[in-house]
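Fold and contact review
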Amino acid sequence: MARIMSLAEAVEENVRDGDTVAMEGFTHLIPYAAGHEVIRQGRKDLFLVRMTPDILYDQLIGVGAARGMKFSWGGNPGVGSLHRFRDAVENQWPRPLEIEEHSHAAMANAYEAGAANLPFAAFRGYIGADLPKVNVNIRSVTCPFTGEVLAAVPAIRPDVTIIHAQRADRNGNVLIEGIVGVQKEAVLAARRSIVTVEEIVDELSPPSPNSVVLPGWAVTAVAHVPGGAFPSYAHGYYPRSNAFYIRWDEIARDRETFTAWIRENVLAAKPEDFARHAAKTAAKVA
Amino acid sequence: MTDFTPTEMMTIAAARALSNDDVCFVGIGAPSAACNVARLTHAPDITLIYESGTVGTKPDVLPLSIGDGELCDTALFTVSVPEMFRYWLQGGRITTGFLGGAQIDRFANLNTTVVGPYDHPKVRLPGGGGAPEIASNCGRIFITMALTKRGFVERLPFVTSMGHGEGGNHRERLGLTTSGPTRVITDLCILEPDPETKELTVVSMHPGVARDQIAGNCGWPIKFAETVIETPAPTETELVVLRDINARTKKAHKAAGKEAA
């Protein structure tokens, strides 16, 4: 049964040095507040997993918290490069970053395999592409029925998955709405999970057409962190700050401005600082 | 004739490639603009799908990112990312994929991974995302990107997604049953693969563009088809629709920016 606790406690108990950590969110509901708490608590040697590592992973890489990363698209969506990621890969700053690169289809299938307790995922992929030449974890299997050769990738089994969601009830049942991404699979694939939420309510409202519910007994910890997905967004609560994504390009381009930004906005900040973003005009809800 | 920019011509020519019956997997940026212009002009019932899981979306403004709330708000339905890639893309339900890229070669293979050696890249690009499987699992692929020497290269340092491979029947030899790239739309011209060799060949030149301008912007000795037509200039309606959606997009993103600042 999920325990409802503070974010600091949740991270303290569930994220350990050297862990394989997935912080998922497909543009929507990215767990920024939780990622900042991981940085503040000084976790080291993390192996980060995420389909679309964006600004949050740029921050974790830039502070040197990551030894490696498994991913399928690493950029600042709609803006351009991740400069801290590039600095790590191109110049090994602040430390070398081991990368394991896949396609989206491979990552999505690998999370599903993890959630389904299978050792690997098979899919029709990577045909004619160069990634299998540089990633030893892209192999193949032959279908025992048809003889077709399929791509195979190992299941993703994070030590801990961290996500953000709209609501939880007092029993720790979690509701996700809107673009639901790969969060359900990432939580079910992991040994432990932390979910930060906009609200804790007595009753989950009737689910909307695209909602996902994670039952409290499948989640380790729930923490109430309003605004915790900023500068990404929480559908029905607040919009994405495209302006911040654009501004990040300038902040992250330079090592010193990046370090100063982290000092001021992460190390000297706390989860409650995200609450002011939650008060913004709610995003248009269909 | 109304004035238009090369980028406007590219977007409109790309939009025209789509039809009402298409079920289209949309990449962000130029493809997204083209697909929505098609929807707002000659293809009102086109189905637009973004890899974030939104199916049948009708955004009023163009998304800055692949998972903007606008896409979900206006979609017929939204699915998880694994479902998107397994049932809808791999399931063979998508007729057309629309891709862009950092680099392309003469057989329409695309690179969005690295420039330079993979282990010591000169430039680390974002990576493939959905592209490797979009390129193989959609019925056919359209590509849109500006024609430049940096983008249209003799040899790709890395093949992120396969177009026609080494040309000829390379796709068939790998067991692919889909058509692969059938059209590349640039700001100067439209290219299509030669039926036999699959080498990209200029089939249509945009108004006012000269052959040496095309040749001078391409990183390989570019071929022209026997008959090269002139791309019809944008119509008044096409330009109005494109400029309107661009203006709405700019305004919406600016407003969102102010609010969040």
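Residues numbered from 1 in each chain as written. Chains lettered and ligands numbered in written order. Predicted model: local features only at pLDDT ≥ 70, side-chain atom pairs only at ≥ 80, totals over all residues. Heavy atoms only, no water.

A look at the overall build of chain A
The number of helices and strands found in chain A is 10 helices and 13 strands. Based on the C-alpha atoms only, the size of chain A along its principal axes is roughly 55 × 45 × 35 Å. Relative to its full complement of 286 residues, chain A shows a buried share of 60%. Residue pairs at least 24 apart in sequence account for 76% of intrachain contacts in chain A once pairs closer than 6 positions are excluded. Accessible surface, chain A as shown: approximately 10700 Å² in total, 52% of it carbon and sulfur. (Helix = DSSP H or I, 4+ residues; strand = E, 2+ residues; numbered from the N terminus. Buried < 20%, exposed > 50% of the residue type's maximum accessible area, 1.4 Å probe, protein only. Contact = heavy atoms within 4.5 Å. Areas by Shrake-Rupley, 256 points an atom, 1.4 Å probe, with all protein chains shown as cover.)

Observations regarding the interface of chain B and chain A
Contacts between the two partners involve 46 residues from chain B, matched on the other side by 52 residues from chain A. Around 4200 Å² of area is buried between chain B and chain A when both sides are counted, 59% of it from carbon and sulfur atoms. When the buried surface of chain B facing chain A is broken down by residue, Leu-64, Arg-124 and Pro-126 of chain B rank first, second and third, together holding 15% of it. A salt bridge links Glu-101 of chain A to Arg-124 of chain B; the nearest nitrogen and oxygen atoms lie 2.7 Å apart. At the boundary of chain B with chain A, the tally comes to 17 residue pairs in polar contact (both at pLDDT 80 or more). At the level of secondary structure, the elements contributing two or more residues to the side of chain B that touches chain A comprise helix H3 (69-73), strand E4 (77-78), helix H4 (81-89), strand E9 (123-124), helix H5 (131-137) and helix H8 (236-260) of chain B. (Buried area = accessible area lost by both parts, 1.4 Å probe. Salt bridge = Lys/Arg side-chain N within 4 Å of Asp/Glu carboxyl O. Polar contact = N/O pair within 3.5 Å; in protein donor to acceptor, adjacent residues only side chain to side chain.)

Here we look at the confidence of the model for chain B
The share of residues in chain B with pLDDT of 70 or more is 97%, and the mean pLDDT across the chain is 94. Across the whole predicted complex the pTM is 0.95, and at the interface the ipTM reaches 0.94. (pLDDT = per-residue confidence, 0-100.)

Some remarks on the packing of helix H1 (residues 7-14) of chain A against helix H2 (residues 32-40) of chain A
Residue and element names in this part refer to chain A. As a packed pair, H1 and H2 sit with axes 10 Å apart at the nearest point and diverge in direction by 60°. Of the possible angle classes, the one that applies to H1 and H2 is oblique. Crossing angle aside, the handedness with which H1 passes H2 is right-handed. Residues Leu-7, Ala-8 and Val-11 of H1 form the contact with H2, whose own contacting residues are Ala-33, Ala-34, Glu-37 and Val-38. Among the residues forming the contact of H1 with H2, the class breakdown is six nonpolar, no polar and one charged. (Axes fitted to C-alpha atoms, helices over the stretch in contact; angles between N-to-C directions. Parallel < 35°, antiparallel > 145°, perpendicular 65-115°, else oblique. Left-handed = near helix turned anticlockwise from the far one by under 90°. Nonpolar A, V, L, I, M, F, W, Y, C, P; charged D, E, K, R; others polar.)

Some details on the confidence of the model for chain A
On average, chain A scores 95 in pLDDT, and the residues at 70 or more come to 97%. Across residues 282-286 of chain A, where pLDDT falls below 50, the model places 13 contacts with residues more than four positions away in sequence or in other chains.

Thoughts on the domain arrangement of chain A
All names here are of chain A. As far as domains go, chain A holds domain 1 (3-102 + 157-275) and domain 2 (104-154). One C-alpha centre belongs to domain 1, the other to domain 2, and the line joining them spans 26 Å. Taken together, the contacts link 20 residues of domain 1 with 16 residues of domain 2. Contact between domain 1 and domain 2 buries roughly 1400 Å² in total, counting both sides, with carbon and sulfur atoms accounting for 66%. (Domains from an automatic or database assignment.)

Here we look at H2 of chain A
Residues and elements named next belong to chain A. Among the nine residues in H2, eight count as buried, and that is most of the element. The set of residues buried in H2 consists of Tyr-32, Ala-33, Ala-34, Gly-35, His-36, Glu-37, Val-38 and Ile-39. Of the residues flanking the end of H2, it is Gly-42, one or two places downstream, whose phi is positive at about 70°.

Some points on the packing of aromatic side chains
Applying the stated criterion to the full structure yields 11 aromatic pairs over all chains. Each ring, one from Trp-248 of chain A and one from Trp-261 of chain A, has its centre 5.2 Å from the other, and the planes form 80°; the classification is edge-to-face. Note that Trp-248 of chain A is positioned in helix H8 (residues 242-253) and Trp-261 of chain A in helix H9 (residues 255-267), a separation of 13 residues in sequence. Exposure class is identical for Trp-248 of chain A and Trp-261 of chain A. Each is buried. Their ring planes at 65° and their centres at 5.6 Å tell us that Phe-98 of chain B and Phe-142 of chain B sit as a pair that is edge-to-face. Of this pair, Phe-98 of chain B sits in strand E5 (residues 96-99) while Phe-142 of chain B is found in strand E10 (residues 140-144), placing the two residues 44 residues apart along the sequence. This pair shows no difference in class: Phe-98 of chain B is buried, exactly as Phe-142 of chain B is. (Phe/Tyr/Trp six-rings, centres within 6.5 Å; stacked < 30°, edge-to-face > 60°.)

Here's the deal with H9 of chain A
Residue and element names in this part refer to chain A. By the burial criterion, the buried members of H9 are Phe-258, Trp-261, Ile-262 and Val-266. The buried residues of H9 occupy one face: seen down the axis, they fall within an arc of 105°. H9 presents Glu-256, Arg-263 and Glu-264 as exposed residues on the side facing more than 90 degrees away from its buried surface. Buried-residue contacts for H9 involve H2, helix H3 (55-62), helix H4 (83-91) and H8. Capping of H9 at its N-terminal end is provided by Asp-254; its side-chain oxygen lies 2.9 Å from the backbone amide nitrogen of Glu-256. (Arc of directions from axis to C-beta.)

Overview of the pattern of salt bridges
Within the structure shown, the criterion is met by 27 salt bridges over all chains. Residue Asp-130 of chain A pairs with Lys-133 of chain A through a salt bridge whose shortest N-O separation is 2.7 Å. Here Arg-106 of chain B ties to Glu-154 of chain B by a salt bridge, and the two come within 2.6 Å at their closest N and O atoms. A residue pair is termed long-range when its members are at least 10 positions apart, and Arg-106 of chain B in the loop between strand E6 (103-104) and strand E7 (110-111) and Glu-154 of chain B in the loop between E10 and helix H6 (170-173) qualify at 48 residues. When its relative accessible area of 46% is taken as the criterion, Glu-154 of chain B is described as partly exposed. Within this structure, Arg-106, Glu-154, Glu-199 and Lys-223 of chain B form a network of salt bridges that share partners.

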